[in-house]
Amino acid sequence: MNHTFTLPNSGHNFDAKASKLGMWLFLYTELLLFGGLFLVYMVYRFLNQEAFLEASYELNVWMGTVNTIILLTSSLTIAMSITALQKGDKKLSVILLWLTIAAALAFLVIKYFEWSAKFEHGLFPGMEHYDALPVGERLYFYLYFFMTGLHALHVIVGAVFILVVVKKINNGSVNQKRYSLLENSGLYWHLVDLVWIYLFPLFYLIH
Amino acid sequence: MDNTHHEEHISSYAELFGTWVALILLTFMTVFISVFGSGLQTLTVAMALLIASVKATVVGLYFMHLKYDQKMYRVMMMVVMSLFTFFLIMVILDYLTR
């Protein structure tokens, strides 16, 4: 007996709405993940106000500002890339995605220099200078490395995600009619931007 | 029924660019307040968080397309934000009453 059966939509299970909803559900959990970390930051800052203030002067406001501008601009390029694909301009869409990936790399390079400077000053948890700091400043750097580190991990994941989308646009499986994956990578990338919008003032600006 | 069709609004380049300009201006504003207004610490903290929230809302509405998508995503966002606010209030109450 032949047990093959045909799905109502002949096997082409493409559901843009469900796919977007799935992405959003994931993003809500991401918001709560970083939200929890912000609560930790808030409590320790409340308990160690002077130390947090003191430690925050170690960060380079200008590097932070440049990185903020880079991320905002990359959010623009990926949003425009969606518009381009929706309008059928595949080539422009791909160029804009490459620009987004380039911005992600630029962000990480700046982050690398920032972290290297901290390492040179022995400010990473476990290093000699770090261990000698007052408790409040240790907490500040611990949270700084953990939160910006987790964020940087999201930048890397986002860049890889976008790279996959570029491949799929090039081979045609993501196109003018089916752009869910591109849209979802955009949503993820904007979330990365959103988290940085809070990290930047909390660590760099609050003097 | 054509299942692949999005009956969606397409964001215009001009609108996206305008959103970016607004975000950059808000960034300069918050940096400016922080660097030149360091005498007013409490105000600086409040302003920084307020500006960050305005920026986050702009990113959500325009870049993440919440303004034009189905209401459901906005409603769920409100639920998540309420949940977070609840956690926040509980933590604040905890530390203020110790």
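Anything mentioned here points back to the structure above.
Residues numbered from 1 in each chain as written. Chains lettered and ligands numbered in written order. Predicted model: local features only at pLDDT ≥ 70, side-chain atom pairs only at ≥ 80, totals over all residues. Heavy atoms only, no water.

> Pulling in residues and values, what's your account of the overall build of chain A?
In terms of helices and strands, chain A carries seven helices and zero strands. Ordering the α and β elements of chain A from the N terminus gives α-α-α-α-α-α-α. A compact globule built from 207 residues should have a C-alpha radius of gyration of about 17 Å, whereas chain A, at 21 Å, is more than 25% larger. Based on the C-alpha atoms only, the size of chain A along its principal axes is roughly 75 × 40 × 25 Å. Sequence-distant contacts in chain A: of pairs separated by 6 or more residues, those separated by 24 or more amount to 80%. Computed over 13 positive and 13 negative side-chain charges, the inter-centroid distance for chain A is 20 Å. (Helix = DSSP H or I, 4+ residues; strand = E, 2+ residues; numbered from the N terminus. Rg over C-alpha atoms; globule rule 2.2 N^0.38 Å. Contact = heavy atoms within 4.5 Å. Lys, Arg positive; Asp, Glu negative; His and termini not counted. Charge placed at Lys NZ, Arg CZ, Asp CG, Glu CD.)

> Describe the pattern of salt bridges, listing the residues and the values that go with them.
Taken as a whole and assessed by the stated rule, the structure comprises four salt bridges over all chains. Note that A:Lys20 is salt-bridged to A:Glu183, the shortest N-O span being 3.4 Å. Note that A:Lys20 is positioned in helix H1 (residues 16-47) and A:Glu183 in helix H7 (residues 180-205), a separation of 163 residues in sequence. Grouping residues by exposure puts A:Lys20 and A:Glu183 together as buried. Of the charged contacts in the structure, one is a salt bridge between B:Asp69 and A:Lys20, with a shortest N-O distance of 2.5 Å. With one member in each of two chains, B:Asp69 in the loop between helix H2 (41-63) and helix H3 (71-96) and A:Lys20 in helix H1 form a pair that bridges those chains. This pair shows no difference in class: B:Asp69 is buried, exactly as A:Lys20 is. Salt bridges linked by common partners bring A:Lys20, A:Glu183 and B:Asp69 together as one network. (Salt bridge = Lys/Arg side-chain N within 4 Å of Asp/Glu carboxyl O. Buried < 20%, exposed > 50% of the residue type's maximum accessible area, 1.4 Å probe, protein only.)

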